[in-house]
Amino acid sequence: MASMVTLEIVTPDRKVLSEDVEYVGAPGALGEFGILPNHVPFLSALGIGNLHYKLGGKTYYVFVAGGFAEVSHNKCTVLAEVAEMAHEIDVDRAQKAQQRAEQRAQQAKEKLEHARHQAALKRSVARISCNRAGKDAGTC
Ligand code: ATP
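Owing to the predicted nature of the structure, the values given are computational and were not obtained by experimental measurement.

About the thresholds
- Residues numbered from 1 in each chain as written.
- Predicted model: local features only at pLDDT ≥ 70, side-chain atom pairs only at ≥ 80, totals over all residues.
- Heavy atoms only, no water.
- Axes fitted to C-alpha atoms, helices over the stretch in contact; angles between N-to-C directions.
- Helix = DSSP H or I, 4+ residues; strand = E, 2+ residues; numbered from the N terminus.
- Parallel < 35°, antiparallel > 145°, perpendicular 65-115°, else oblique.
- Left-handed = near helix turned anticlockwise from the far one by under 90°.
- Contact = heavy atoms within 4.5 Å.
- Nonpolar A, V, L, I, M, F, W, Y, C, P; charged D, E, K, R; others polar.
- Pairing = 2+ DSSP bridges.
- Buried < 20%, exposed > 50% of the residue type's maximum accessible area, 1.4 Å probe, protein only.
- 1 Å grid on protein atoms, 1.4 Å probe; cavity = no way out; pocket = protein on both sides within 12 Å on 5 of 7 lines; lining within 4 Å.
- Points joined across faces, edges and corners; volume = space filled by probe spheres on them.

Draft legend 1. Expanded view of the packing of helix 1 (residues 91–107) against helix 2 (residues 111–137). Between helix 1 and helix 2, the least distance of the axes is 8 Å, while the angle of their chain directions is 155°. The angle between the axes of helix 1 and helix 2 places the two elements in the roughly antiparallel class. Judged by the sense of rotation from one axis to the other, the crossing of helix 1 with helix 2 is left-handed. On helix 2, the residues touching Val91, Ala94, Gln95, Ala97, Gln98, Ala101, Glu102, Arg104 and Ala105 of helix 1 are His114, His117, Gln118, Ala120, Leu121, Ser124, Val125, Arg127, Ile128 and Asn131. Grouping the constituent residues of the contact of helix 1 with helix 2 by class yields nine nonpolar, seven polar and three charged.

Draft legend 2. The pairing of strand 2 (residues 15–21), seen in detail. Judged from the six bridges that link them, strand 1 (residues 5–10) and strand 2 form a sheet pairing that is antiparallel. Note that in strand 2 the partner of Leu7 across the bridge is Glu19. Where strand 1 folds back onto strand 2 in an antiparallel hairpin, the turn is made up of four residues.

Draft legend 3. Spotlight on the pairing of strand 1. Of all the six residues making up strand 1, five are buried; the element is thus mostly covered by neighbouring parts of the structure. Two strands pair when backbone bridges link them, and strand 1 and strand 8 (residues 75–85) are joined in this way by five bridges, in the parallel orientation. Note on strand 8: the bridge partner recorded for Val10 is Leu79.

Draft legend 4. Just the layout of surface pockets, in detail. For the largest pocket, the calculated volume is near 220 Å³. Lining the largest pocket are Glu84, Glu88, Ile89, Asp90, Arg93, Ala94, Ala97, Arg100, Ala120, Arg123 and Arg127. Listing elements by their share of the lining of the largest pocket, those giving two or more residues are helix 1 and helix 2. Among the elements that take part in the lining of the largest pocket, helix 1 stands out by supplying four residues, more than any other. A breakdown of the residues in the lining of the largest pocket according to their chemical character gives four nonpolar, no polar and seven charged.

What follows is the structure, given as structure tokens:
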């Protein structure tokens, strides 16, 4: 029985992470899911939120938005549309994006426009909370 699962996180632009870890928790489109070593094959769409993984008694946080996670042969592959490690997050930028999205969502006249700004708001709030969680955990 393996004691670790290989976590690989990639976006269309870059490889964000490749690491053997003890646990992965991720924001599935239908809710949070957790992956331990020796997990059965699994596929899920990703929502907007914070993935976390455990290694050596520490918890690390990664912001992800959209894409898929696949588990097969003790490897968890995250193909995210956008992903940033907690330490890579520019909190000032995320706060500005939050203010902008809040204003625009309020002013939006069409449903689709409103939904677009709500999604931007969700990304900015998740980025801020990801960075904070990393700092609180001492891993960012
Ligand atoms: P913004 O309005 O600030 O661009 P956004 O949510 O619209 O935010 P995305 O479309 O999710 O941005 O991402 C575009 C690119 O910018 C991606 O490469 C993403 O990793 C990066 N990015 C966006 N916001 C941040 C941030 N606060 N810190 C670091 N990278 C960011």
